[in-house]
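For reference, the chains in residue letters:
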Amino acid sequence: MSDTPFGFGLPPEEPENGDEGKKKDPAGGGQGSGGQGGNPFGANPFGFGGLPGMGGPGGADNPFAAMFGSLNPNDLGAAFQQLGQMLSYEGGPVNWDMAKQIARQVVAQGTADGTKDASVGPAEKAAVEEAVRLADLWLDGVTSLPSGASTAVAWSRAEWVEATLPAWQQLVDPVAERVGSAMGDVLPEEMQAMAGPLIGMMRSMGGAMFGQQIGQAVGALAGEVVGSTDVGLPLGPAGRAALLPLNIEAFGKDLGVPSDEVRLYLALREAAHQRLFAHVPWLRAHLFGAVEGYARGIKVDTSKLEEAVGQLDPTHPEQLQEALQQGMFQPEDTPAQKAALARLETALALVEGWVDAVVHEAAKSRLTSADALRETLRRRRASGGPAEQTFATLIGLELRPRRLRDAARLWASLTDARGVDGRDGLWEHPDMLPTATDLDDPDGFVHREHLDFSEIDKMLGEAAKGDAPEDGDGKE
């Protein structure tokens, strides 16, 4: 979380050669101190406990004193404008305008190594297009799924933010909605009527807090990702294989591997993800649905808040603000949450494991650095790479790298035992896929007899024909 309440501060300058066709955000928005921020539904999901004079250290009576005291008088007008925008927000559970502004500003700051965002030049675009074209050609021989990329694009970091925000919104809104509604649910009806304006303000602030933290997380992630599928989900537009040349250069800087090999290997991974999501129509809804299932299972521990509300004087509803400042929202794990997270974790492991297996098969005889790149990417995930950190920050999910390795071994064993068609045929229906238990015993799954759904359909069809009347009037 930013040291400056609500992320207000002097907005950094946009890069001189930032993404093409994008204008500087006029409102500026807030920006954090970098990094991904805390868990948005952690000990204090709305963040009030950390404000001076509002239950946190610092002790100023005016909760906004630190905000305005740190600003140059010339910037007070902009700060008040931002505050007004925050409090007047009436949208969903997350202020996505604020999230976008902050993400763009985090990108504009550059990464810790001093690398600034830059527009993608013609040569880089051509290199990405050629890498994806060659990657698709290689993948044709190792999977029965056809190409899923109708176009190949090279993005700047800012362009990645713009292109992926709709997917982040679909992922995060259900969680934020459930956490935000807890504030109103805990109040008696008569208190809700009296404190309506205050609750509206708190929810606006809550939307701003979520927007700030998500913006910081997405902005930081934009400095690390190399494509549109690094987190195992289709974050970009369908059918568009995307790579970030600037981040690919940073990724391969100290590997001792030729840059064209690094680019091609990462293009293989991006193109493989695109094939899976394009030709397994239920997969996207399955993954995003697991996140929504997690959100439905959230139960916020409001016992402390209920106790505080019970002691409030109904004639002084402003006391509610003091109660809300004590960090009383504590989400608790429920069976529904755990089940949804288990489904999501297993599905992501299967996706990543399949990509790992087919990419290795395509690259091992063509790229001398294939083994080294494969292990580098695996370790990147295991050491807290972008996927683990972002999911942990936004929805509380931490991927287990052991599952990814187990899934890759299982898919490779399936290829040996059943061939490419038999392996890829398991994606036809979610009930045919390995489970978390199967990842513990991959050999057992590989050699287990599976029902042939096509034969069952054939039998059902023949049975239906046998029951049909022989003539048109239904009489035999």
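Analysis parameters
Residues numbered from 1 in each chain as written. Predicted model: local features only at pLDDT ≥ 70, side-chain atom pairs only at ≥ 80, totals over all residues. Heavy atoms only, no water. Helix = DSSP H or I, 4+ residues; strand = E, 2+ residues; numbered from the N terminus. Buried < 20%, exposed > 50% of the residue type's maximum accessible area, 1.4 Å probe, protein only. Contact = heavy atoms within 4.5 Å. Salt bridge = Lys/Arg side-chain N within 4 Å of Asp/Glu carboxyl O. Phe/Tyr/Trp six-rings, centres within 6.5 Å; stacked < 30°, edge-to-face > 60°. Lys NZ or Arg CZ within 6 Å of the ring centre and 35° of its normal. Axes fitted to C-alpha atoms, helices over the stretch in contact; angles between N-to-C directions. Parallel < 35°, antiparallel > 145°, perpendicular 65-115°, else oblique. Left-handed = near helix turned anticlockwise from the far one by under 90°. Nonpolar A, V, L, I, M, F, W, Y, C, P; charged D, E, K, R; others polar. Expected span 1.5 Å × (residues − 1). Core = buried A, V, L, I, M, F, W, Y, C linked by side-chain atoms within 4.5 Å.

Caption draft 1: How the structure looks around the overall build of the protein. Within the protein one finds 19 helices and four strands. For the protein, the residues scored as buried account for 52% of the 476 residues in total. Restricting the contact set of the protein to residue pairs at least 6 apart, pairs at least 24 apart contribute 81%.

Caption draft 2: Local environment of the pattern of salt bridges. Inspection of the entire model under this criterion finds 17 salt bridges. Two residues, Asp 356 and Arg 378, come together in a salt bridge whose shortest N-O distance is 3.0 Å. With Asp 356 in helix α13 (residues 335–363) and Arg 378 in helix α14 (residues 370–382), the pair connects residues that are 22 residues apart, well separated along the chain. The burial state of Asp 356 is the same as that of Arg 378; both residues are buried. Between Asp 424 and Arg 423 there is a salt bridge, and its shortest N-O distance comes to 2.7 Å. For the pair Asp 424 and Arg 423, a shared accessibility class is recorded, and that class is buried. Shared partners join several salt bridges into a network, and the residues in it are Arg 403, Asp 406, Arg 409 and Asp 440.

Caption draft 3: Main features of the packing of aromatic side chains. Following the criterion strictly, the structure yields two aromatic pairs and no others. Centroid distance Trp 411 to Trp 427: 5.3 Å. Interplanar angle 15 degrees. Geometry classified as stacked. With Trp 411 in helix α16 (residues 401–424) and Trp 427 in the loop between α16 and α17 (436–440), this residue pair connects regions lying 16 residues apart in the sequence. Trp 411 sits in the buried class, given a relative accessible area of 0%. Classification of Trp 427 by relative accessible area gives buried; the value is 3%. Through pairs of rings, three or more aromatic residues link up here, namely Trp 282, Trp 411 and Trp 427. The ring centre of Phe 288 lies 4.5 Å from the NZ or CZ of Arg 284, which sits over that ring.

Caption draft 4: Structural view of the environment of Gly 141. Counting through the fold element by element, Gly 141 comes out in the loop between α4 (122–139) and β1 (151–154). According to the relative accessible area criterion, Gly 141 is exposed, its value standing at 64%. Separated by 279 residues in sequence, Gly 141 and Val 420 place their C-alpha atoms 9.3 Å apart.

Caption draft 5: Geometry of the packing of helix α9 (residues 259–279) against α13. Interaxial distance between α9 and α13 falls to 9 Å at its minimum, and their mutual angle equals 130 degrees. Accordingly, the angle class assigned to the pair α9 and α13 is oblique. You can see that α9 and α13 cross each other, and the crossing is right-handed. Residues Tyr 265, Leu 268, Arg 269, Ala 272, His 273, Leu 276 and Phe 277 of α9 lie in contact with α13, whose contacting residues are Val 351, Glu 352, Trp 354, Val 355, Asp 356, Val 358, Val 359, Ala 362 and Ala 363. Broken down by class, the residue content of the contact of α9 with α13 amounts to 12 nonpolar, one polar and three charged.

Caption draft 6: A look at α13. In this model α13 runs 41 Å from its N-terminal to its C-terminal C-alpha over 29 residues, within 8% of the 42 Å that 1.5 Å per residue would give. In terms of residue burial, α13 counts as a mostly covered element, since 22 of its 29 residues are buried.

Caption draft 7: Quick look at the nonpolar core. In this structure, Trp 160, Trp 168, Leu 283, Leu 287, Trp 354, Trp 411 and Trp 427 are the most contacted members of the largest nonpolar core, which totals 92 residues. Looking at this core, the element that brings in the most residues is α13, giving 13 residues. Not counting the four nearest positions on each side in its chain, Trp 354 is found in contact with Thr 143, Leu 145, Ala 272, Leu 276, Trp 411, Arg 423, Asp 424 and Trp 427. With five residues, the next largest nonpolar core counts Val 175, Tyr 294, Ala 295 and Ala 340 among its residues.

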